[in-house]
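Summary of structural features
Each chain is listed here by its residues.
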Amino acid sequence: MRHNALRWGPGLAVLLLVLAACTGNDEPPRATAPVAATQAIVTNPFTETGEISPELTILEDVRAICSPSVVVVANPVARRCTSELQVLHDPCFLGPPQVPQVAVCVQNPARKEAVRLTLIEDNTPVVPGVPPAAAPAAPAPEATPWFIELADGRECARVIGLKGDPPSLEGDPPTYGCGHADFLYGLPDVAEPVWTMPNRKGATAKVRPVDVRTAWY
């Protein structure tokens, strides 16, 4: 099993993509078919013509200032954006060159929910001689998914900094939250077609492996 090398930044609270409703709900897992192989998806909320994917449900429109994402670090078009109402959205994904002022913040990729964002300003540093960012074609083996759907339908968002004293695994804090006192640890074990992760559901529950249906990058 690989372990996440993430370091917990000072002053960061739980960061779930401004998504408390996404993984914090206690709804029963949805009925799902068995997993034959885990699907790895590079998040791209735009079509080839620069339109927002018709598969997404846009929940609201906001204006925001953006900087590099702290949730999705392997995708160069991912951003962390703060709206005019000081609401944080992370991750958001820049549109292609033909729509430079538009980004989409994917609140829940499993349920295809998103926020459409008009860029006021992008504070991402520009590196001289480096061409404009483009989303990678496939995730690197060591990349960290930002969102995970388990085989039983539970949805788990990456956590960056946790208040209180969450249960650790061999001294390591949880890396994903799937609901109340429901955590995943480390990164997916990708040795088999169906990836697995250690899961503890309940502060005193035993750790057990669970299957990953989908991982978003």
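Here the structure is a predicted model, which means the values were calculated and not measured.

Taken residue by residue, the protein chain gives an average pLDDT of 82. The fraction at 70 or more is 77%. Here helix 1 (residues 20-23) is the element of the protein chain with the lowest mean pLDDT, 40, and strand 7 (residues 147-150) is the one with the highest, 97. Across residues 1-26, confidence stays below pLDDT 50; counting only partners more than four residues off in sequence or on other chains, it has 80 contacts.

With that settled, consider the sheet that holds strand 4 (residues 88-94). Sheet architecture is closed into a barrel: 5 strands sit in the order 2-3-4-5-6, paired in mixed fashion. Along the sheet, successive strands turn relative to each other by an average axial angle of 50°, direction set aside. As judged from the 4 bridges shared by strand 3 (residues 78-83) and strand 4, these two strands associate in the antiparallel manner. Looking at the pairing, Arg79 lines up with Cys92 of strand 4.

This brings us to the pairing of strand 8 (residues 155-158). Taking every second residue as pointing to the same face, both faces of strand 8 are buried, with Glu155 and Ala157 on one and Cys156 and Arg158 on the other. Summarising the sheet, strand 7 and strand 8 pair through 3 bridges and their orientation is antiparallel. Across the sheet, residue Glu149 finds its bridge partner in strand 8, namely Glu155. Hairpin connection, strand 7 to strand 8: the antiparallel pair is bridged by 4 residues, and Gly153 has positive phi, about 100°. In this sheet, strand 9 (residues 176-179) lies alongside strand 8 in antiparallel orientation, the contact comprising 2 bridges. When the sheet's bridge partners are listed, Ala157 is paired in strand 9 with Gly177.

So, on to the pattern of salt bridges. Tallying each qualifying case throughout the model produces 7 salt bridges. Note that Lys112 and Glu55 form a salt bridge whose closest N and O atoms lie 3.6 Å from each other. Of this pair, Lys112 sits in the loop between strand 5 (102-108) and strand 6 (113-122) while Glu55 sits in the loop between strand 1 (39-41) and strand 2 (57-68), placing them 57 residues apart in sequence. The class of Lys112 is partly exposed, set by a relative accessible area of 36%. A relative accessible area of 54% places Glu55 in the exposed class. Among the charged side chains, a network of salt bridges with common partners joins Asp152, Arg154 and Asp182.

The next subject is the side chain of Ser53. Looking at the secondary structure, you find Ser53 in the loop between strand 1 and strand 2. Under the relative-accessibility criterion, Ser53 is labelled buried at 15%. Each residue touching Ser53, except ones within four places of it in the same chain, is listed here: Pro45, Phe46 and Thr47.

This part covers the nonpolar core. Core analysis: the biggest nonpolar cluster contains 27 residues, and Phe93, Leu117 and Trp146 have the highest contact counts within it. Of all the elements in the fold, those that place two or more residues in this core are strand 2, strand 3, strand 4, strand 5 and strand 6. Core analysis: the second largest hydrophobic core is formed by 14 residues, Ile148, Met197, Val212 and Tyr217 among them.

Where strand 10 (residues 182-184) and strand 11 (residues 196-201) come together, 3 bridges link them in antiparallel fashion. Pairing of Asp182 across the sheet is with Lys201, part of strand 11. Note: strand 11 against strand 12 (residues 208-216), 4 bridges, orientation antiparallel. Residue pairing in the sheet places Asn199 in a bridge with Arg208 of strand 12. Taking the residues between adjacent antiparallel strands as the criterion, strand 11 and strand 12 are bridged by 6 residues, where Gly202 takes a positive phi near 115°.

A complete count under the given rule lists 3 aromatic pairs for this structure. Aromatic side chains Phe147 and Trp216 sit 5.8 Å apart centroid to centroid with 75° between the ring planes, which places their arrangement in the edge-to-face category. Residue Phe147 is found in strand 7, and its partner Trp216 is found in strand 12; the two are separated by 69 residues along the sequence. Assigned by exposure class, Phe147 and Trp216 land together as buried.

The rules we used
Residues numbered from 1 in each chain as written. Predicted model: local features only at pLDDT ≥ 70, side-chain atom pairs only at ≥ 80, totals over all residues. Heavy atoms only, no water. pLDDT = per-residue confidence, 0-100. Helix = DSSP H or I, 4+ residues; strand = E, 2+ residues; numbered from the N terminus. Contact = heavy atoms within 4.5 Å. Pairing = 2+ DSSP bridges. Axes fitted to C-alpha atoms, helices over the stretch in contact; angles between N-to-C directions. Buried < 20%, exposed > 50% of the residue type's maximum accessible area, 1.4 Å probe, protein only. Salt bridge = Lys/Arg side-chain N within 4 Å of Asp/Glu carboxyl O. Core = buried A, V, L, I, M, F, W, Y, C linked by side-chain atoms within 4.5 Å. Phe/Tyr/Trp six-rings, centres within 6.5 Å; stacked < 30°, edge-to-face > 60°.

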